[in-house]
Amino acid sequence: MRSFIVGTAGHIDHGKSSLVKALTGTDPDRLKEEKERGITIDLGFAHAPLSDNVVASFIDVPGHEKFVRNMLAGVSGIDAVLLVIAATEGVMPQTREHFDICRMLGIERGLIALTKIDAAEGPMSDLAEQDVRDLVRGSFLDDAPTIRVSARSGDGLDELKAALLSLANQTSARSHAGLFRLPIDRVFTLKGFGTVVTGTLTNGKVEVGEELVVLPAGKKARVRGLQVHGDQVGIAVAGQRTAMNLAGVLVEDLTRGDVLVREGTLRETRLADVAIQLLADAPLKYDARVRVHAASAEVLGRVKFTEAELGKGGATVAQIRFESPVVLGRGDRVVLRSYSPVATIGGGRVIDPAPR
């Protein structure tokens, strides 16, 4: 069965987690604090079959501005985005930031879910839909359908599932060729098993029993077991949400942002040439300190280019010097956020992960 990985995006309290729960039957908010506060803080995961051949793997992300870094760790590597907007409020600040992040990551497909239609009075739903249409005009979501739904009443859920399946059928399965790479987005201990990591397998494939390397630390680990959608498997392939039981490493040896690779295939770097594109309202000074998000990793770095300042919405080829090692490949997408105050300012594509 083929996996179709969908990431949610949208403002806090617009119903992302409730929608995922309504679609899958699984509450993606797993932390005690999330349930007490009623907001998503960290990444949540759930899945549900769309047909006999396709299963949707949902990555539910936090909508609060304080947790955008967690959102970034989840949306890299998704096949499509589910942009969620409450009919009672319309487009809000994190709606815009999440949408900008998706554009910077080069995401090409998605759907728009207009939620809480049961609570919207009068023409509120129509106004909210027009609001989001203005936001996505000219983007990869310009022609995306807008599905009006209510997680509470169930209205529109069947239509949304059908639209997701149609989108999945239009999306090519990822090639299993290429260098194996799994950016880690969650690390925990499971009683009786030991160290477990999860992530979206972005390239290649992996089998039980293989020896891998954790970068940037360089620690070696053996694959003791693999799970995809809760089922034990002998092999996991690109495009699947994968849980991996590792031997030879402890939980404290690993962190979100680490990358599992085969020895000798990829390496960490502290310098990269990147083609960057700023957002329309964001300038950038030469040698500015920025936060660089690459897959599930966040590292600090300084951006150097030929001008004294790159104007709002500007584009150039820059060199980024990282303050700590990060794993990058040619063609990888990154998102740039200002150091302080923290805000998304642009993105880029890696031209050379190890320049002279």
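Model, not experiment: these values are computed from the prediction. (Residues numbered from 1 in each chain as written. Predicted model: local features only at pLDDT ≥ 70, side-chain atom pairs only at ≥ 80, totals over all residues. Heavy atoms only, no water.)

A. Representation of the overall build of the protein chain within the structure. When you go through the protein chain residue by residue, the secondary structure sums to 6 helices and 24 strands. Computed over the C-alpha atoms, the radius of gyration of the protein chain is 20 Å, within 12% of the 21 Å expected from 2.2 N^0.38 for a compact globule of 356 residues. Taken over the C-alpha atoms alone, the protein chain extends approximately 60 × 55 × 40 Å along its principal axes. In the protein chain, which comprises 356 residues, the proportion classed as buried is 53%. Here the contacts in the protein chain between residues at least 6 apart in sequence split such that 69% fall between residues at least 24 apart. Only carbon and sulfur atoms are counted for the fraction: they give 47% of the accessible area of the protein chain, which is about 15600 Å². The average position of the 44 basic charges and that of the 45 acidic charges among the side chains of the protein chain differ by 6 Å. (Helix = DSSP H or I, 4+ residues; strand = E, 2+ residues; numbered from the N terminus. Rg over C-alpha atoms; globule rule 2.2 N^0.38 Å. Buried < 20%, exposed > 50% of the residue type's maximum accessible area, 1.4 Å probe, protein only. Contact = heavy atoms within 4.5 Å. Areas by Shrake-Rupley, 256 points an atom, 1.4 Å probe, with all protein chains shown as cover. Lys, Arg positive; Asp, Glu negative; His and termini not counted. Charge placed at Lys NZ, Arg CZ, Asp CG, Glu CD.)

B. Structural view of the side chain of Thr316. Residue placement: Thr316 occurs in strand 22 (residues 315-327). Residue classification places Thr316 among the buried residues on the basis of a relative accessible area of 15%. Residues contacting Thr316, with those up to four places away along its chain left out, are Val274, Ala275, Ile276, Phe305, Glu307 and Leu310.

C. Representation of the pairing of strand 24 (residues 344-352) within the structure. In terms of strand pairing, strand 17 (residues 268-278) meets strand 24 through 6 bridges, oriented antiparallel. Each bridged residue has a counterpart across the sheet, and for Ala275 the counterpart in strand 24 is Arg349. Pairing geometry for strand 23 (residues 333-338) and strand 24, over 5 bridges, is antiparallel. In the sheet register, Arg333 faces strand 24, and the bridge partner there is Arg349. Where strand 23 hands over to strand 24, the hairpin turn is made up of 5 residues, counted between the paired strands. (Pairing = 2+ DSSP bridges.)

D. Quick peek at the layout of surface pockets. Of the voids in this model, the largest pocket is the one considered here, and its volume is about 1100 Å³. Lining the largest pocket we find 47 residues, and of these Ser76, Gly77, Thr202, Ala295 and Arg333 sit closest to its centre. Per-element tally for the lining of the largest pocket: the top contributor is helix 3 (residues 68-75), with 6 residues. Split into classes, the residues belonging to the lining of the largest pocket amount to 19 nonpolar, 15 polar and 13 charged. By volume, the second largest pocket is sized at about 630 Å³. Lining the second largest pocket are 29 residues, with Thr198, Gln227, His229, Gly230 and Ala243 sitting closest to its centre. Where the lining of the second largest pocket is concerned, the elements lending two or more residues are strand 2 (44-49), strand 3 (54-60), strand 8 (186-190), strand 9 (194-200), strand 12 (219-228) and strand 15 (241-247). Here the residues of the lining of the second largest pocket sort into 12 nonpolar, 12 polar and 5 charged. (1 Å grid on protein atoms, 1.4 Å probe; cavity = no way out; pocket = protein on both sides within 12 Å on 5 of 7 lines; lining within 4 Å. Points joined across faces, edges and corners; volume = space filled by probe spheres on them. Nonpolar A, V, L, I, M, F, W, Y, C, P; charged D, E, K, R; others polar.)

E. Layout of the packing of aromatic side chains. According to the stated counting rule, one finds 2 aromatic pairs in the structure shown. Measuring from ring centre to ring centre gives 6.1 Å for Tyr286 and Phe305, while their planes differ by 90 degrees; the resulting arrangement is edge-to-face. Of the two residues, Tyr286 sits in the loop between strand 18 (284-285) and strand 19 (288-294) while Phe305 sits in the loop between strand 20 (297-304) and strand 21 (309-310), which places them 19 residues apart along the sequence. Just above the ring of Phe188 sits the side chain of Arg186; from NZ or CZ to the centre is 4.3 Å. Between Arg289 and the ring centre of Tyr339, over which it is positioned, the NZ or CZ distance is 4.4 Å. (Phe/Tyr/Trp six-rings, centres within 6.5 Å; stacked < 30°, edge-to-face > 60°. Lys NZ or Arg CZ within 6 Å of the ring centre and 35° of its normal.)

F. View of the pattern of salt bridges. Counted by the stated rule, this structure contains 15 salt bridges. Across the pair Glu323 and Arg289 runs a salt bridge whose closest N-O atoms are separated by 2.7 Å. In this pair, Glu323 is assigned in strand 22 and Arg289 in strand 19, connecting sequence segments 34 residues apart. For Glu323, a relative accessible area of 38% puts it in the partly exposed group. Arg289 gets classed as partly exposed once you look at its relative accessible area, which sits at 27%. Taken together, the salt bridges that share partners define one network made up of Asp126, Glu129 and Arg148. (Salt bridge = Lys/Arg side-chain N within 4 Å of Asp/Glu carboxyl O.)

G. Fine view of the sheet that holds strand 5 (residues 110-115). An order of 2-3-1-4-5-6 is seen for the 6 strands of this open sheet, with the pairing classed as mixed. Each edge of the sheet is formed by a strand with only one pairing partner; in this case those strands are strand 2 and strand 6 (146-148). Direction aside, the axes of adjacent strands within the sheet are offset by 25 degrees on average. As defined by bridge partners, strand 5 adjoins strand 6 across 3 bridges and the pair is classed as parallel. For Ile112, the partnering residue across the bridge sits in strand 6 and is Thr146. The strands that helix 1 (residues 16-24) touches are strand 1 (2-9), strand 2, strand 3, strand 4 (80-86) and strand 5; relative to strand 3, the one it contacts most, it runs at about 155 degrees. (Axes fitted to C-alpha atoms, helices over the stretch in contact; angles between N-to-C directions.)

From the geometry alone we can't say anything about function, so treat these as descriptive.
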